[in-house]
Amino acid sequence: EVMLTGERYNVQRLPFSHVSNDDIAFFERIMPGRVITNPEELKPFNVDWLKTVRGCSKLLLKPQTAAEVSQVLRYCYERNLAVNPQGGNTGLVGGSVPVFDEIILSTALMSQIISFDKVSGILVCQAGCILENLNQYLEEKGFIMPLDLGAKGSCHIGGNVATNAGGLRLLRYGSLRGTVLGLEVVLADGSVLDCLASLRKDNTGYDLKQLFIGSEGTLGIITAVSILCPQKPEAVNLAFLGCQSFTQVLKTFTTCRAMLGEVLSAYEFMDDKCMELVKKHLKLSSPVSESPFYVLIETSGSNSTHDEEKLNNFLEQVMTSGLVTDGTVATDEKKIKASHHFPILKSMLWSLRERITEALTHDGYVYKYDISLPVGKLYDLVTDTRARLGQCAKNVVGYGHLGDGNLHLNITAESYSHSLLDAIEPFVYEWTARCNGSISAEHGLGFKKKCFIQYSKPKEAVFLMQRFKAMLDPKGILNPYKTLPSSS
Ligand SMILES: Cc1cc2nc3c(=O)[nH]c(=O)nc-3n(C[C@H](O)[C@H](O)[C@H](O)COP(=O)(O)OP(=O)(O)OC[C@H]3O[C@@H](n4cnc5c(N)ncnc54)[C@H](O)[C@@H]3O)c2cc1C
């Protein structure tokens, strides 16, 4: 069983009230049958997806409406009970599960689509809608969600917004800070902030929704989201390529941007260690010959002939110039254009990249780092970490959203050890700060990284964040122990 977070990290419980029988009776009255106290049922909600942190909450609430969330928070605020908002529990920084006995407030039953406007492409839905379900709903109407990530089958749109998730489509459609048009949020004292606008343009006063995007459940509970969705592209093509060096990965990216231009929708990379792990633990197979680096390129456009022609010209250029040594393509017609004679499905190519996170969990305890860096230096951090850790680590791998300058550096070991953690941190953060990078590109700070915020933000900025937190949540009941270091 995963060690309790409080014990592993030696954290002190803050003086919140303990949940009493009277509290449980109150919640039962406002949401009968949706108050869970059975320890067996609570288990998966107390442990994170990576199985690295564990809380000991004794109470899980499943509201269905913003009004219920409001009633819960008003009560918790008065009683000084701490609350941990939870979506699909796929977060990777220990933010989604309690540290001690915080009440878990799950959005699992808040999964209604409120409206979709086919002319504007604006979707309004409750926070607990699963990302993949939303995408399927939209596809039937000729649209897609502006974000996509490996956890799409479980993560909730509220969780995506709360973490400002990036993912696989950011290169094309931009971040949630641009596509989210409005939010409904319940504040710590139970008041409901209705900023659920469905307008592309609205310059009336401060843009308050931005404060909640990426706030990881520490400033309010997101109950509904209004989001701008792009048209479903008619033609989607994928290429999977092998490169002999990271320099070639970078040159291929430059060529790709120049030659694919507006149809380029993703540029992802992975190293040979990642390929080894997906082969070993998930029994996937590589469609190209062994290479030190692999690149996955996606184009999304409205004219398949035009896009295929562009992609083929690009492939010819990178193959003849030697930037790419082997490659394969899955097209809309699932035809093969390169070295193989059996059909390569797009889902097979995407799996190789999307399932690395899953493969890593089969390799042992995973130390995860999600770093933004100037793209030219992206892989140097992997090389330097590998050299530093030597035999102490089982595997040190690098992959990520290269087009966004986002590296996922992952280190595996047979089990958790303080000494290995000390060898990695703050080394990785100092290295990142020297390059003016960010220690969290898209996963957030959660529980595990909150104490390292100063590597990416000046103390004045952290102080201002603490003041916002104190103003919106004066008793600190919302997701305590997360995102910001304590102000004392
Ligand atoms: C296989 C895999 C692949 C992933 N790929 C990516 C990726 O490409 N890009 C990326 O950015 N992330 C990625 N992630 C991380 C994670 O999936 C995302 O951060 C996701 O957006 C979290 O959504 P969730 O519903 O699971 O939230 P949870 O994990 O439940 O919660 C995450 C945080 O948000 C808070 N929260 C959740 N719901 C609400 C709400 N309604 N109101 C307020 N706060 C809330 C929680 O308290 C917690 O702090 C991946 C994770 C996995 C497991």
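Just so we're clear, the structure is a prediction, and the values are computed from it rather than from any experiment.

## Some points on the UniProt feature "domain: FAD-binding PCMH-type" (unreviewed entry) in the protein
Then, in step 1: This chain's UniProt record puts "domain: FAD-binding PCMH-type" (unreviewed entry) on residues 53–232.
Then, in step 2: A helix fraction of 23% and a strand fraction of 22% characterise residues 53–232, whose end C-alpha atoms lie 38 Å from each other.

## Comments concerning the sheet that holds strand S13 (residues 326–330)
Note: strands within a sheet are paired through backbone hydrogen bonds, in either parallel or antiparallel orientation.
Then, in step 1: With antiparallel pairing, 7 strands are arranged side by side in an open sheet as S13-S10-S12-S11-S15-S16-S14. At either end of the open sheet lies a strand with only one pairing partner, and these are S13 and strand S14 (365–372). In this sheet, neighbouring strand axes are inclined to one another by 15° on average, regardless of whether the strands run parallel or antiparallel.
Then, in step 2: With 5 bridges connecting them, strand S10 (residues 235–243) and S13 associate as antiparallel partners.

## As for the site of the ligand
Then, in step 1: Around the ligand, the surrounding shell holds 36 residues, and the nearest of these are Pro-85, Gly-87, Thr-90, Gly-91 and Asn-160.
Then, in step 2: In this structure, Ile-222 approaches the ligand through a main-chain N or O atom, which is 2.9 Å from a nitrogen atom.
Then, in step 3: Within the side chain of Glu-442, one N or O atom sits 3.0 Å away from a nitrogen atom of the ligand.
Then, in step 4: Relative to its unbound accessible area of 970 Å², the ligand is 97% covered by the protein chains.
Then, in step 5: At the level of elements, strand S3 (83–86), helix H6 (157–163) and strand S9 (221–228) are the ones that each hand at least two residues to the shell around the ligand.
Then, in step 6: In terms of residue count, H6 provides more of the shell around the ligand than any other element does, 5 residues in total.
Then, in step 7: The residue inventory of the shell around the ligand, partitioned by class, reads 11 nonpolar, 23 polar and 2 charged.

## Comments concerning the packing of helix H2 (residues 21–30) against helix H4 (residues 66–79)
Then, in step 1: Across the interface, H2 lies against H4 with an axial gap of 11 Å and an inter-helix angle of 165°. The orientation of H2 relative to H4 falls into the category roughly antiparallel. Viewed along their axes, H2 and H4 form a crossing whose handedness is right-handed. Residue-level inspection shows Asp-22, Asp-23, Phe-26, Phe-27 and Ile-30 of H2 in contact with H4, the latter providing Glu-68, Gln-71, Val-72, Tyr-75, Cys-76 and Arg-79.
Then, in step 2: By residue class, the composition of the contact of H2 with H4 is 6 nonpolar, 1 polar and 4 charged.

## What to know about helix H12 (residues 304–320)
Then, in step 1: Its 17 residues place the ends of H12 24 Å apart at the C-alpha level, agreeing with the 24 Å of an ideal helix rising 1.5 Å per residue.
Then, in step 2: Three or more residues of H12 are buried, namely Asp-307, Glu-308, Lys-310, Leu-311, Phe-314, Leu-315 and Val-318. The arc that holds every buried residue of H12, seen down its axis, measures 160°, which confines them to one face. In H12, the exposed positions that point more than 90 degrees away from the buried face belong to Thr-305, Glu-309, Glu-316 and Thr-320.
Then, in step 3: Close packing links the buried residues of H12 with S10, helix H10 (246–260), strand S12 (293–301) and S13.
Then, in step 4: With a side-chain oxygen lying 3.2 Å from the backbone nitrogen of Thr-305, the N-terminal cap of H12 falls on Asn-303.
Then, in step 5: Backbone geometry just downstream of H12 places Gly-322 in the positive-phi region, at approximately 85°.

Criteria and thresholds
Residues numbered from 1 in each chain as written. Predicted model: local features only at pLDDT ≥ 70, side-chain atom pairs only at ≥ 80, totals over all residues. Heavy atoms only, no water. UniProt positions renumbered as here; feature names shortened; annotations may be inferred. Helix = DSSP H or I, 4+ residues; strand = E, 2+ residues; numbered from the N terminus. Pairing = 2+ DSSP bridges. Axes fitted to C-alpha atoms, helices over the stretch in contact; angles between N-to-C directions. Near = heavy atom within 4 Å. Polar contact = N/O pair within 3.5 Å; in protein donor to acceptor, adjacent residues only side chain to side chain. Areas by Shrake-Rupley, 256 points an atom, 1.4 Å probe, with all protein chains shown as cover. Nonpolar A, V, L, I, M, F, W, Y, C, P; charged D, E, K, R; others polar. Parallel < 35°, antiparallel > 145°, perpendicular 65-115°, else oblique. Left-handed = near helix turned anticlockwise from the far one by under 90°. Contact = heavy atoms within 4.5 Å. Expected span 1.5 Å × (residues − 1). Buried < 20%, exposed > 50% of the residue type's maximum accessible area, 1.4 Å probe, protein only. Arc of directions from axis to C-beta.

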